[in-house]
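Reading the structure
If you want the building blocks of each chain, they are given just below.
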Amino acid sequence: IKECDWSSDVCSSDLAAAARRVPGLEPRSEQWKAAISRTYVENLVKAAAVSRGFGAEFLGFLQPMLAYKSPISAQEAALAATLTPGVRDHSLEMRQRIQRDIAIIAQPARVPVFDLSAAYDGIADTVYMDEIHTRQDAKPRIAGLIHAELRQALASRLAQTPPR
């Protein structure tokens, strides 16, 4: 997916344009935003059901993004200044919607989704190379957080498994 102008619905990729359309809804309307968020979380629930169907555990992770980080470094501020106007606000709003839908849809379905979106909060150093991808030296933080959740999930699973 290439650059999109979120304010005018113009994208340089047909895939990106299609990904932003929801049949019968005006792009970026309240109903559109709700449908996008709900669909995202419902797809996590479906992925968990498929995983369980094959006897596997499912863990979802909400990833961090530059839009969520505070404070940002001077280098990240320069990067943020190059982004399409409105992308940061849209990202923050969708994050809140997704977090709310996780609580409403995923948690009652017993689908574990771990919110790592604030993982780099409080880190003043440059973490991001672009609005999503982190520098190599920042990756161990996320790896450690994911590892901790995997260990806890495995320990919980082992505690529920009767000995042979």
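First things first, this report covers the structure right here in the doc.

Overview of the overall build of the protein chain
Secondary structure assignment for the protein chain yields five helices and four strands. Split into buried and exposed, the 164 residues of the protein chain put 32% on the buried side. Taking as baseline every contact in the protein chain between residues at least 6 positions apart, the subset at least 24 positions apart corresponds to 62%. Accessible surface computed for the protein chain: about 10400 Å², of which carbon and sulfur atoms make up 57%.

Things to note about helix α4 (residues 87–106)
Helical geometry note: an α-helix holds 3.6 residues per turn, so side chains three or four residues apart project in the same direction. All buried positions along α4 are accounted for by Val87, His90, Ser91, Met94, Arg95, Arg97, Ile98, Asp101, Ile102 and Ala106. As for α4, its buried residues are in contact with α2 (30–53), β3 (60–62) and β4 (113–115).

Description of unusual backbone geometry
Put simply, Ser70 and Pro71 share a cis peptide bond, and its omega is 0°. Tracing the sequence through the fold places Pro71 in the loop between β3 and α3 (74–81). Although it is not a glycine, Arg110 adopts a positive phi angle of roughly 60°. By the element assignment, Arg110 lies in the loop between α4 and β4.

Observations concerning the nonpolar core
Generally speaking, a soluble globular protein has its nonpolar side chains buried in company with each other. Judged by nonpolar contacts, Val41, Leu44, Ala48, Phe58, Leu62, Ile98, Ile102, Ala106, Val111 and Val113 together constitute the single largest core of ten residues. Only α2 and α4 provide two or more residues apiece to this core. The contact partners of Ala48, leaving out residues within four places of it in the chain, are Phe58 and Val111. Among the nonpolar cores identified, the runner-up in size contains nine residues, and Leu79, Tyr120, Tyr128 and Ala138 belong to it.

Observations concerning the packing of aromatic side chains
In total, this model carries two aromatic pairs according to the counting rule given. For the pair Tyr120 and Tyr128, a centre-to-centre distance of 5.8 Å together with 85° between the ring planes defines the contact as edge-to-face. Each member of the pair Tyr120 and Tyr128 is classed as buried. Over the ring of Tyr68 we find Arg95, and its NZ or CZ is 4.5 Å from the ring centre.

A few points about the side chain of Arg97
Positionally, Arg97 belongs in helix α4. At 2.3 Å, the side chain of Arg97 and the side chain of Glu30 are in polar contact. Not counting the four nearest positions on each side in its chain, Arg97 is found in contact with Glu30, Lys33, Ala34 and Ser37.

Calculation rules
Residues numbered from 1 in each chain as written. Predicted model: local features only at pLDDT ≥ 70, side-chain atom pairs only at ≥ 80, totals over all residues. Heavy atoms only, no water. Helix = DSSP H or I, 4+ residues; strand = E, 2+ residues; numbered from the N terminus. Buried < 20%, exposed > 50% of the residue type's maximum accessible area, 1.4 Å probe, protein only. Contact = heavy atoms within 4.5 Å. Areas by Shrake-Rupley, 256 points an atom, 1.4 Å probe, with all protein chains shown as cover. Core = buried A, V, L, I, M, F, W, Y, C linked by side-chain atoms within 4.5 Å. Phe/Tyr/Trp six-rings, centres within 6.5 Å; stacked < 30°, edge-to-face > 60°. Lys NZ or Arg CZ within 6 Å of the ring centre and 35° of its normal. Polar contact = N/O pair within 3.5 Å; in protein donor to acceptor, adjacent residues only side chain to side chain.

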